[in-house]
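Close look at the chain arrangement
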Amino acid sequence: MFRTSLQRRIAWVFVGLLVLVMGMVLALVRTGSQRIVANQARHELAIGVGEFERLLDQNQRQLETAASVLSADFAFREAVATQDQATVRSVIANHGHRIHAQVMMVAGTDGRMIASTQNGHGADVPFPFPDLLAAAESSGRSAGFRQMRDGQPYQVVLVPIMAPRRIAWVAMGFRLDDHWARELADVAGLSVSIVRIAPGARPVLLASSFGKPPGAAERYQTTRLDLGGGLQAVLQLPLAQVEAPFEVLLAQLLAVVGAAIVFFALGSITLARRIVKPLGELSAAAHRIALGDYGQPLPGQGAGDGKRDEIGRLAASFEQMQRGIASREDHIARLAYVDGLTDLPNRTHFLEAFAGMPAGAGGVVAVLNIDRFAMINNALGYPVGDRLLRAVGQRLAPLVSGPGMVARLWGGHFAFLLKDAGADEARRLADAALRALRDPITLDGQRLDIGSSIGIALYPQDGVDGGTLLRRAELAMAAARKRHSSLAFVAEIGAEPPHEQLSLIGDMRAAMENGEFMLDYQPKLLFSSGRVNACEALLRWRHPERGMIAPGRFIPFAEQTGFIREITPWVLDEAIRQLAAWQRDGLDIVVSANLSTLDLLDPGLPLYVGALLERHGVAADRLCLEITESALMDDPALALAHLGELAALGIKLSIDDYGVGQASLAYLKILPVNELKLDRSFITAIDREPRNAAIVQSTIMLSHALGLSVVAEGVETEAELAWLRAHGCDVAQGYLVSRPLAAQQVRGWIADHAPVAVG
Amino acid sequence: MMLRRALPAAVHTAVFTALLACGVQAAAGTVEARVESPAGQPVADAAVVLEPLAPARARLRPSAHATIEQRGTEFIPWMTVVQTGTAIDFPNNDTTRHHVYSFSSPKRFEIKLYVGKPSQPVLFDQAGEVVIGCNIHDWMEAHVLVVDSPWFARTAPDGRAAIANVPPGRYRLRLWHPLQKAAPAPQEIEVGAQPSRLALVLDAKVREPRPHTEVDQDHY
């Protein structure tokens with residue numbers, strides 16, 4: 001019934017107050033009625049006592065009159081006057097019977113008995129109640145209550161016998177028995193008892209109007225009247241008789257109070273429930289709001305309800321608060337989870353969505369990068385870049401329907417999440433994405449062709465957390481881009497276990513400090529002289545625990561992490577120092593060093609290189625810096641500017657891995673380079689691959705036409721070497737010429753092999 | 001003749017007795033007494049009786065007669081002294097009947113409801129005190145002292161009484177009143193030729209007229 005403590009408290013307070021008030025009312029009524037009963041009882045008793053006394057008085061006078069009449073009876077007087085005992089006794093018995101006196105006694109004027117109807121009273125003894133005689137002497141007659149010889153109480157009337165002078169006294173006794181007591185009780189309205197009182201003795205009940213002894217539980221208002229002669233009349237008013245009407249009143253009042261309490265309890269419970277129920281509902285609603293459920297309508301806010309009381313207003317405030325919280329949370333969530341530029345989910349949202357994926361089911365995390373986005377940004381301005389990103393986002397967003405997500409990570413990087421999918425779905429998604437971006441995007445009437453690369457990581461094969469999968473997908477994407485493919489799976493690029501990569505970051509820093517890096521030099525053979533007049537400095541890492549680590553395993557990683565910018569200065573410093581050493585030893589040689597994209601974008605590079613050359617006293621034309629085509633692509637203008645500065649120093653520049661990147665012939669026209677290094681993929685089996693041969697042959701002709709020398713990489717067979725020489729290639733580099741050598745071996749190796757016999 | 005004058009009976013008796021004495025004994029004396037209460041008030045209706053110490057000297061007076069009439073529902077006189085053997089008439093002069101009675105042992109009698117003069121007088125032949133009442137009128141009351149001596153008198157309202165024709169000799173003087181508080185001790189006196197004057201004291205309650213409960217029929 002009482003579901004909540006508030007409801008219980010409200011009900012208790014109401015009912016308790018009512019009970020209190022009613023209790024006070026009852027107590028007042030009871031006290032008042034008790035007072036009234038007491039007064040009434042006193043009053044009734046006083047009236048009864050008065051009536052009783054009046055009755056006694058009246059009774060006495062009647063008895064006196066009767067006695068007087070009797071005593072005046074001639075025959076009676078005549079008989080008494082005879083002084084004959086037997087006669088006198090006979091007449092008093094006879095005449096006493098006439099007036100219903102139980103005891104008759106005749107005494108002489110000298111106070112001695114003449115005759116008595118009572119046994120035991122002999123003649124010539126003193127009259128037993130001399131006080132009555134004395135009273136009668138003075139007033140002519142007397143009366144009183146006396147206990148006779150038989151032990152019974154009597155009302156005794158003493159009158160003279162006149163003939164005509166007083167000749168004797170006659171005493172008449174009327175017994176006070178129960179019958180008498182009842183008659184008086186009936187008239188007086190009190191119960192009447194006659195008791196004998198004697199000092200030092202218990203009162204003895206002689207007569208009573210009670211049929212049987214009253215119960216101890218009955219209460220009486222009592223008055224005692226001294227009757228004289230050691231007799232006492234006990235007059236009692238039964239209080240129950242007075243209390244009866246008040247008892248009825250009290251019972252009725254109790255019934256009313258009881259009913260009132262019941263009704264009040266029900267009413268207050270109902271009221272409390274009306275108050276508490278909406279509070280409970282509001283409390284539940286607040287709990288729902290706390291849990292983030294803002295969709296539930298609040299109680300008391302239903303249509304047509306329209307309660308305008310305090311609870312209704314509270315509910316309205318709750319409703320307002322809920323809407324406010326929902327709106328702000330929505331806004332915050334937007335800020336936190338949505339990419340402001342494209343309105344796509346951001347990286348955080350993406351990772352959370354991945355974390356929300358059911359475990360066990362497969363999933364796909366793919367990263368798409370817009371090629372050359374930085375270039376577009378720089379060339380066309382950020383507003384265009386932003387609009388481009390929005391346009392790409394709009395094209396990509398519809399590709400993932402159902403369980404999954406398209407998010408923008410940063411820059412031109414977008415990510416896809418496919419839930420419950422595998423490699424096949426990933427491939428279809430990648431195809432769809434590439435197809436979607438195939439059509440040019442027109443911005444301000446300007447058509448932009450954009451390319452993209454996609455790396456795909458599969459869950460759970462390639463990682464179990466979103467961060468790892470994203471990173472590995474990016475690695476795959478970078479790998480795809482590197483090999484000019486549009487798509488790569490993490491599994492295909494054979495990336496090292498993630499933990500090894502992570503440890504390499506720390507190891508590379510330690511390697512720099514511990515001098516674990518070193519440079520090997522691979523000789524370059526100049527066809528025209530048949531001599532080695534140059535070598536390429538190649539970075540080597542001798543790991544104290546893992547031994548030699550292949551450059552392909554840490555250099556791309558250093559490039560990705562930016563650590564390459566710390567390595568390259570060391571490489572340059574080491575290479576130029578070695579160059580200087582060789583020059584001091586009389587070995588005239590050109591040393592090539594590789595620059596990464598990041599190095600090329602470093603504005604301090606030309607100054608640094610110039611300072612090194614000056615410090616080591618090396619002529620600028622003895623240093624050659626090799627750059628890849630792709631290094632130019634990210635920011636061609638800046639790269640071009642820096643290359644120009646390097647060229648101005650007199651440093652030779654070489655384009656590395658020529659032919660596999662997105663090199664443009666236009667760049668060849670403007671780049672201040674001195675040589676092209678043909679990628680080994682063109683050189684391998686060039687003597688048997690007419691297509692490679694055609695490309696290499698035309699490139700050589702083109703380079704020569706542009707005044708560039710041509711270096712062939714990866715020359716491994718004599719046939720290749722022969723073909724290259726036959727077709728006018730300027731320099732050969734590869735295992736056939738020499739594997740990379742330690743610095744101290746170079747001088748000896750050149751001495752041993754020079755001049756090489758050139759067929 | 002004298003009776004019809006309705007004189008007090010005692011006076012008649014005294015005169016009558018004195019006349020008798022004169023006729024018998026020439027040298028008779030007179031005893032005059034005055035009875036007073038201890039407070040000095042004269043006591044009326046007291047009986048003064050001389051009893052000769054020598055019994056032979058006393059004589060009965062035959063056919064003595066007295067009357068106690070009822071008038072106005074009262075006995076008149078209230079007190080009477082007679083010698084033993086006197087017959088007393090109780091003439092009823094009221095319109096109502098009377099029922100005269102006496103329960104006194106010297107003379108018990110009863111004259112039931114009658115009017116006028118009863119046919120027979122009542123003979124008081126025994127000395128003693130007789131109280132007479134009326135059964136119809138409780139307040140009515142008469143006292144008769146019956147004595148053996150012929151020498152007695154009743155005091156008048158002034159307390160005086162005189163006994164004439166008393167032969168000289170020694171006498172016991174008895175004083176009596178119906179309401180006396182105690183019987184006075186008798187005293188002896190010597191009666192000579194000269195009148196004896198005695199001052200006597202008697203303590204008696206004053207007679208108070210008892211209220212008549214019956215309304216006088218004349219007033220109807």
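**Some points on the packing of helix H9 (residues 373-380) of chain A against helix H10 (residues 382-396) of chain A**
Residues and elements named next belong to chain A. The interhelical angle for the contact between H9 and H10, taken along N-to-C directions, is 135°, at an axis separation of 6 Å. When the axes of H9 and H10 are compared, the pair comes out oblique. Within the contact between the two elements, H9 uses Phe373, Ile376, Asn377 and Leu380 and H10 uses Tyr382, Val384, Gly385 and Leu388.

**Looking at the sheet that holds strand S16 (residues 487-489) of chain A**
Residue and element names in this part refer to chain A. Strands sit in the order S11-S12-S10-S15-S16 across an open sheet of five strands; the sheet is mixed. In this open sheet, the two strands that pair with only one neighbour each are strand S11 (404-410) and S16. Between one strand axis and the next, the sheet turns by 20° as a mean value, whatever way the strands run. Relative to strand S15 (residues 452-459), strand S10 (residues 363-370) runs antiparallel, the two being bridged by eight bridges. By the bridge assignment for S15, Val367 is matched with Gly455. Helix H11 (residues 423-436) contacts S10, strand S12 (413-419), S15 and S16 of the sheet and is inclined by roughly 160° relative to S15.

**What about the nonpolar core?**
Counting residues in hydrophobic clusters, the biggest one holds 102 residues, and the most contacted among them are A:Val106, A:Val170, B:Val48, B:Phe152 and B:Ile163. The residues touching B:Phe152, leaving out its near neighbours within four places in the chain, are B:Ala47, B:Val48, B:Val49, B:Leu50, B:Val81, B:Val147 and B:Ile163. Formed by 65 residues, the second largest nonpolar core is a distinct cluster that contains A:Ala534, A:Leu605, A:Leu625 and A:Ile651.

**Overview of unusual backbone geometry**
With omega at -15°, the peptide bond leading from A:Ala163 into A:Pro164 counts as cis. Here the bond from A:Tyr459 into A:Pro460 is cis, since omega is 10°, no more than 30 degrees from zero. Relative to the helices and strands, A:Pro460 resides in the loop between S15 and helix H12 (466-482). Of note, the phi angle at B:Thr73 is positive, near 50°, even though the residue is not glycine. Given 19 C-beta atoms within 10 Å, B:Thr73 falls into the partly exposed group.

**Things to note about the sheet that holds strand S7 (residues 204-208) of chain A**
Through backbone hydrogen bonds, the strands of a sheet pair up, either in parallel or in antiparallel fashion. Residue and element names in this part refer to chain A. Taking strand neighbours across the sheet as the criterion, the four strands line up as S7-S6-S9-S8 in an open arrangement whose pairing is antiparallel. A single partner strand is all that each edge strand has here, and the edge strands are S7 and strand S8 (220-228). Taking each pair of neighbouring strands and ignoring which way they run, the sheet shows an average axis angle of 30°. Relative to strand S9 (residues 231-238), strand S6 (residues 191-196) is paired through six bridges, and the arrangement is antiparallel. By the bridge assignment, Ser191 is partnered in S9 with Gln236. Against the sheet, helix H6 (residues 239-290) makes contact with S8 and S9, and its axis sits at roughly 15° relative to S9, the strand it touches most.

**Quick notes on the interface of chain B and chain A**
The interface of chain B with chain A comprises seven residues on the first partner and 10 residues on the second. For the side of chain B that touches chain A, a count of residues per class yields three nonpolar, two polar and two charged.

**Quick word on helix H16 (residues 564-584) of chain A**
Residues and elements named next belong to chain A. In a regular helix each residue adds 1.5 Å, so 21 residues correspond to 30 Å; H16 covers 30 Å between its end C-alpha atoms and thus fits that length. Every buried residue belonging to H16 is among Ile564, Ile567, Thr568, Leu572, Ala575, Ile576, Gln578, Leu579 and Trp582, and all of these are buried. Summarising the axial view, the buried residues of H16 lie within an arc of 160°, below the 170-degree limit, and thus occupy one face. Residues of H16 that are exposed and point over 90 degrees away from its buried face: Glu566 and Arg584. At the C-terminal side of H16, Gly586 shows a positive phi close to 85°.

Cut-offs applied
Residues numbered from 1 in each chain as written. Chains lettered and ligands numbered in written order. Predicted model: local features only at pLDDT ≥ 70, side-chain atom pairs only at ≥ 80, totals over all residues. Axes fitted to C-alpha atoms, helices over the stretch in contact; angles between N-to-C directions. Helix = DSSP H or I, 4+ residues; strand = E, 2+ residues; numbered from the N terminus. Parallel < 35°, antiparallel > 145°, perpendicular 65-115°, else oblique. Contact = placed C-beta atoms within 7 Å. Pairing = 2+ DSSP bridges. Core = buried A, V, L, I, M, F, W, Y, C linked by C-beta atoms within 7 Å. Buried ≥ 20, exposed ≤ 12 C-beta atoms within 10 Å, placed from the backbone. Nonpolar A, V, L, I, M, F, W, Y, C, P; charged D, E, K, R; others polar. Expected span 1.5 Å × (residues − 1). Arc of directions from axis to C-beta.

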